Amino acid sequence: MQFTIRQRKQLLLCSMLVGGMIPWTTAVAGTCSQAGSTVTCTGAANSASDTQQTFLGLPDGAVVDVNGGIDTSASAAHTAALALDAQGALTVTIADVGELIGSNYGLAIRGTGDVAVTNGGLITSANNDGIYALVNDGSVQITNNGTVAGATTGINVQAYGDGAVTVQTGAGSSTTAGPAQTVAAVSTNPWGEPDMIDPGDNEIFASAGILVTKWSDSGDVTITTGADSEVSGINGIVAGNHGTGNTYVTVGDGAIVSGMGPDQDYSIAAIGGAGISVQNDFEAGEILIKTGTGSIINATAAASDMAPFGIAAQSIARAPITIITGTDSYVAASAFGILAQVGAGDTNITTGNGSTVDAAISGIVSVGNTDLTINVGDDGLVQGKWTGITSAGFGDVTVTTGTGSQVIGSGGFDPADMPPGFTDLGELPAIPYGVPLELTTLPASGIKIMAGGKLEPFNPDKLELPTRYSPLTVTVTTGKDSLVQGEGTLANGIDIITVGADTATIRVATGENSQVFGGDGIMFGPGGMGAGISVMGFGILGADVAIDTGKNSLIEGGGAGILAIMGSDFQPSSMRITTGAGSIVRGS
């Protein structure tokens, strides 16, 4: 009989939980000893003589204190430094002088109750995970105030059953992984049993600085990095929530989260090459991602090493996504700076004042059956070689740019700029966000909105046609002294297309002294390309378009300054264009 990897994991958990199958064993070797429910590790690490320390069947309430070192890195076998098996609550503390240096794992834990780990020292692995925790029916809290490093994953939490999962890194701490993408074959798991599954198996696990998977039931997933800390790996932070709770990721002020994203198999179920990647399943709750002041997401040293995604969030459920970047923060990627896809909840994306989102394809992309709100902070920059901002979906769209902000589609996108591992545009949607990348064959835009009315009813579980489309409202407002620009042939500065809406209401307003530029353009028949502002509004029961340009503003395009086309199948439509005092609208 063949088992899936998830079934094998559950079998392994069941086998360890059957009463009497695992005795309460005192393992005394090297520098660790057990007295009742307390394990103490002392003495200096010695790679020449240290062996794996294994403690099975630890009782409820067990406490493990590491005040010395264990170093099995020289072992020919793929061993852990310290392997713990607990039959209830477990607390592990590694002091600032503590060291767990393993060949395969630094610290490996499996348990059936609440697990709490606090590291103040050094935990490393030469082949797999720095910290690996497999927990059933309990909460997990892991705090790294020191250094954790793994070949595949720094901190790897796999949680089953009820209970929240919390991973925290302290100020100035380091949690890193890489460059390994696969794990060495092992004949036994860290607890000395036949290796039914490999905790680092790439069929399920991504390589990451921090990886958390909540497989079922209630309990939030919360990941928080401290000020000036570092998290890095092939992915920086990956969270997968298959339960019913929410997922929260917060990056501290001045912190760095980096996904290096070298050549790898992008068809793995886990997402490859992201600074921060969060995926909530059908029954999970909201996603909230916040980055701190001066933080850096996915900005690796060389542009060619950047990962495809700076921040990527996918909510398959009917729950909202909120992404907020901090003041003077920086998000960079070789495909999408910020990517959000939602099944039926609202999406809210806000970039901080003075912040930068810089990507090779699009700065910000939103896809889904969602009401979308994007706010670009004062003096902020959002840019991509195709678009600065892209929205492709069903639902109301509101885009607001702040005073002195810039949103730019530079027009320099080329398939040759694809991240390593991609050979053509057709492969990109497999990463599993369903982004309609064929749209990148369209001309560049500063802001590109392709919207329709929400599908009603909408059921992402079934492939069924909607009975109707809801009314649609699209609003774009640019700030004082701001810039929106689409560069290159046929590019539009602001590009809005509505289809499939009951009624379509479109409002565009540019700020005082603002500028909106389109690229080189042509006019043909009733339409054209290369406009400063291009609006094509279509509603089944009518469209209402209003465009207002600000005082002393400039709207310019190679084909037209403002191009507006509207229509309806059944009802009259209305259009109004008002230019502000001292403003200029021109085509060249």
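Cut-offs and rules
- Residues numbered from 1 in each chain as written.
- Predicted model: local features only at pLDDT ≥ 70, side-chain atom pairs only at ≥ 80, totals over all residues.
- Heavy atoms only, no water.
- Helix = DSSP H or I, 4+ residues; strand = E, 2+ residues; numbered from the N terminus.
- Buried < 20%, exposed > 50% of the residue type's maximum accessible area, 1.4 Å probe, protein only.
- Contact = heavy atoms within 4.5 Å.
- Areas by Shrake-Rupley, 256 points an atom, 1.4 Å probe, with all protein chains shown as cover.
- Salt bridge = Lys/Arg side-chain N within 4 Å of Asp/Glu carboxyl O.
- Phe/Tyr/Trp six-rings, centres within 6.5 Å; stacked < 30°, edge-to-face > 60°.
- Core = buried A, V, L, I, M, F, W, Y, C linked by side-chain atoms within 4.5 Å.
- Pairing = 2+ DSSP bridges.
- Lys, Arg positive; Asp, Glu negative; His and termini not counted.
- Polar contact = N/O pair within 3.5 Å; in protein donor to acceptor, adjacent residues only side chain to side chain.
- Disulfide = S-S within 2.5 Å.

S.K.: Would you take a moment to explain the overall build of the chain for this structure?
M.R.: When helices and strands are tallied, the chain shows one helix and 54 strands. Evaluated residue by residue, the chain yields a buried proportion of 58% over its 588 residues. Counting contacts in the chain only where the partners sit at least 6 residues apart, residues at least 24 apart contribute 78% of the total. When the accessible surface of the chain is split by element, carbon and sulfur atoms take 53% of a total near 20,200 Å².

S.K.: Looking at this structure, how should I read the pattern of salt bridges?
M.R.: Charged atoms that come close allow side chains of opposite charge to pair. Enumeration according to the criterion identifies five salt bridges in this entry. Between Asp 495 and Lys 448 there is a salt bridge, with its nearest N and O atoms 3.1 Å apart. Residue Asp 495 is found in strand S44 (residues 492-501), and its partner Lys 448 is found in strand S39 (residues 445-452); the two are separated by 47 residues along the sequence. When sorted by exposure, Asp 495 lands in the same class as Lys 448, which is buried. Here Arg 576 ties to Asp 548 by a salt bridge, and the two come within 2.8 Å at their closest N and O atoms. One end of the pair, Arg 576, is in strand S53 (residues 574-578); the other, Asp 548, is in strand S50 (residues 543-548), with 28 residues separating them in the sequence. The class for Arg 576 is partly exposed, based on a relative accessible area of 40%.

S.K.: Mind showing me how you'd approach the environment of Ile 324 here?
M.R.: Position of Ile 324 relative to the elements: it lies in strand S28 (residues 321-324). Residue classification places Ile 324 among the partly exposed residues on the basis of a relative accessible area of 30%. Among residues more than four places away in sequence, those in contact with Ile 324 are Ile 289, Lys 290, Thr 291 and Thr 350.

S.K.: Would you mind going over the packing of aromatic side chains with me for this structure?
M.R.: Given two aromatic rings, their pairing is described by the distance between the two centres and the angle made by the two planes. Inspection of every chain in the model, using the stated rule, returns four aromatic pairs. Ring centres of Tyr 132 and Trp 191 lie 6.5 Å apart, and the angle between their planes is 45°; on these two criteria the pair is classed as tilted. Within this pair, whereas Tyr 132 is found in strand S12 (residues 129-136), its partner Trp 191 is found in the loop between strand S17 (174-177) and strand S18 (208-214), the two being separated by 59 residues in sequence. Trp 191 sits in the buried class, given a relative accessible area of 5%. Ring-pair connections join several aromatic residues into one group, and the members of that group are Tyr 105, Tyr 132 and Trp 191.

S.K.: Explain the nonpolar core to me, please; I cannot follow it from the model alone.
M.R.: The nonpolar side chains of a soluble globular protein tend to be buried with one another. Judged by nonpolar contacts, the single largest core of 87 residues is most densely connected at Leu 84, Leu 107 and Ile 276. Sort the elements by how many residues they give to this core and strand S6 (residues 80-86) lands first, with four residues. Look past the residues within four positions of Ile 276 in its chain and what remains in contact with it is Ile 237, Val 249, Val 251, Val 257, Ile 289, Ile 297, Gly 310, Ile 311 and Ala 312. Counting residues in hydrophobic clusters, the runner-up holds 13 residues, among them Phe 309, Phe 336, Val 365 and Ala 491.

S.K.: What's the story with the pairing of strand S51 (residues 554-557) in this structure? I'm lost.
M.R.: Remark: a regular strand shows side chains that alternate across the two faces of the sheet. Burial along S51 is two-sided: the residues Leu 554 and Glu 556 and Ile 555 and Gly 557 are all buried. With three bridges joining them, strand S46 (residues 515-517) and S51 adopt parallel strand pairing. Within S51, the position partnered with Val 516 by the bridge is Ile 555. In the sheet, S51 pairs with strand S54 (residues 584-587) via four bridges, with the strands oriented parallel. Looking at S54, one finds that Leu 554 is bridged to Ile 584.

S.K.: Can you walk me through the side chain of Lys 214 in this structure?
M.R.: Positionally, Lys 214 belongs in strand S18. Salt bridges are absent for the buried Lys 214, whose nearest opposite-charge side chain, Asp 162, sits at 5.8 Å. Reaching out from Lys 214, the side chain makes a polar contact with the backbone oxygen of Gly 161 at a distance of 2.6 Å. In contact with Lys 214, not counting residues within four places along its chain, are Ala 159, Gly 161, Asp 162, Gly 163, Val 165, Gly 219, Val 221, Gly 240, Asn 241, His 242 and Gly 243.

S.K.: Explain the state of the cysteines here, please?
M.R.: Throughout this description, disulfide means a covalent bond between two cysteine sulfur atoms. Applying the stated rule across the entire model yields one disulfide. Here Cys 32 is linked by a disulfide to Cys 41, with a sulfur-sulfur distance of 2.0 Å. Its S-S torsion of about 105° marks the bond between Cys 32 and Cys 41 as right-handed, since a negative value means left-handed. The same class applies to Cys 32 as to Cys 41, namely buried.

S.K.: How should the pairing of strand S13 (residues 140-144) be read in this particular structure?
M.R.: Where burial is concerned, most of S13 is hidden: four out of the five residues are buried. With five bridges joining them, strand S10 (residues 115-119) and S13 adopt parallel strand pairing. Considered in S13, the bridge of Ala 116 is made with Gln 141. Note that S13 and strand S16 (residues 165-169) share five bridges and pair parallel. Residue pairing for S16: Thr 143 is matched across the bridge by Gln 168.

S.K.: Is there a simple way to explain unusual backbone geometry in this structure?
M.R.: Most peptide bonds take the trans form, and the phi angle of most residues other than glycine is negative. Positive phi values are uncommon outside glycine, yet Asp 217 reaches one of about 65°. Assignment of secondary structure puts Asp 217 in the loop between S18 and strand S19 (221-225). A positive phi angle, near 60°, is found at Asp 228, a position not held by glycine. Tracing the chain through its elements places Asp 228 in the loop between S19 and strand S20 (230-233). Relative accessible area serves as the criterion here: at 57%, Asp 228 is assigned to the exposed category.

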